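# Survey of secondary and tertiary structure
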Amino acid sequence: MKFIVVEKLGQSAIVTIDNGPANTLGLDVLAELEATVKSLSNDEHIRALVVTGAGERFFCSGADLNMFTSGDKEKAAQVIDAFDRSFAAIRNFDGVTVAAINGYALGGGLELALCCDYMVAEQGALMGLPEARVGLIPCAGGTKMLADKIGKAWAKRIVLGGETVDARKGFDIGLLEEIVDPGFAKIVAVSLAEKVGGQGAGAVAAARQLIDNASDVTLTAQLLAERSAFLQLIGSAEQLEGVQAFIEKRKPIWCPEDED
């Protein structure tokens, strides 16, 4: 891989975007990111994914605007499709995903972070969706993901007004789950990600999907979905081991490596 660096730590994989100086997302970078995340999702030993940026200034500055200088609609559609595939891979990752924001997260960079389950940012990080400044709009789910997370009013301030928010403001409005000191985003993100290792993989996957869909359905529909997912887990090797381990007051053995 030329633009994506992968480091595996226990049951977590750290995926670093390395396309200096601003870690922009071009077609090659998006293709590598998609392939990397899909590969890790198929790795039974990886339960959590941490996404970050190389260097100390940028998490990811979003799309490479050179891709839009010609005004070619067909080319622009290809770019959107590449973003869709890459970000869908992150949203569909089987385990837990954490964005470790170590600097600027702008445009597609913030949309990338919003695809993750948790967002951790260092003091000094800045986040925004400034596409309207160049006559464009967010096109990788930013308008929905941002509004879902922080509400329409703040989403409009960030998208329509072009506001950037620092880590403190981001935490205050519910954009971030945690603020950390400079240089510690990746460490804290891995710590959060590793907590999923003590949970059953099937249970995590089912619960994650239910939570992601919760805002789009009624309580009655959600109760039916929970019932169905719950019953699907009953009788699985994972469920039987988890309950037996609890009764025997020991840690569950989810896979052979857990015995070490």
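Refer to the structure presented above.
Anyway, here's the lowdown on the structure attached to this text. (Residues numbered from 1 in each chain as written. Predicted model: local features only at pLDDT ≥ 70, side-chain atom pairs only at ≥ 80, totals over all residues. Heavy atoms only, no water.)

### Let's talk about the packing of helix α8 (residues 201-213) against helix α9 (residues 219-233)
- Put simply, α8 and α9 touch, their axes get as near as 11 Å, and they point 170° apart. With respect to their mutual orientation, α8 and α9 come out roughly antiparallel. From α8, Gly202, Ala203, Ala206 and Leu210 reach across to α9, where they touch Gln222, Ala225, Glu226, Ala229 and Leu233.
- Class assignment for the residues of the contact of α8 with α9 results in six nonpolar, two polar and one charged. (Axes fitted to C-alpha atoms, helices over the stretch in contact; angles between N-to-C directions. Helix = DSSP H or I, 4+ residues; strand = E, 2+ residues; numbered from the N terminus. Parallel < 35°, antiparallel > 145°, perpendicular 65-115°, else oblique. Contact = heavy atoms within 4.5 Å. Nonpolar A, V, L, I, M, F, W, Y, C, P; charged D, E, K, R; others polar.)

### Some remarks on the nonpolar core
- Core analysis: the largest hydrophobic core is formed by 52 residues, its most contacted members being Phe59, Ile101, Met119, Leu146 and Leu175.
- With 16 residues, the next largest nonpolar core counts Val50, Val120, Val180 and Val196 among its residues. (Core = buried A, V, L, I, M, F, W, Y, C linked by side-chain atoms within 4.5 Å. Buried < 20%, exposed > 50% of the residue type's maximum accessible area, 1.4 Å probe, protein only.)

### Quick word on the pairing of strand β4 (residues 48-53)
- Burial runs high along β4: six of the six residues are buried.
- Covered by surrounding structure in β4 are Ala48, Val50 and Thr52 together with Leu49, Val51 and Gly53, the residues of both alternating faces.
- Relative to strand β7 (residues 96-101), β4 is paired through five bridges, and the arrangement is parallel. What sits directly across from Val51, in β7, is Ala99. (Pairing = 2+ DSSP bridges.)

### Quick look at the pattern of salt bridges
- Per the counting criterion, the structure on display carries eleven salt bridges.
- For the salt bridge of Glu177 with Lys149, the shortest nitrogen-to-oxygen distance reads 3.3 Å. Placement of the pair is Glu177 in the loop between α6 (167-172) and β12 (178-180) and Lys149 in helix α4 (residues 142-150), with a sequence separation of 28 residues.
- Since its relative accessible area comes to 34%, Glu177 is described here as partly exposed.
- With its nearest N and O atoms 2.6 Å apart, the salt bridge here joins Glu248 to Arg250.
- A residue is classified by how much of its surface remains accessible, and Glu248, at 42% relative accessible area, is partly exposed.
- Taking the relative accessible area as the measure of exposure, Arg250 reaches 31% and is therefore partly exposed.
- One network of salt bridges, in which partners are shared, links Glu34, Lys38 and Arg85. (Salt bridge = Lys/Arg side-chain N within 4 Å of Asp/Glu carboxyl O.)

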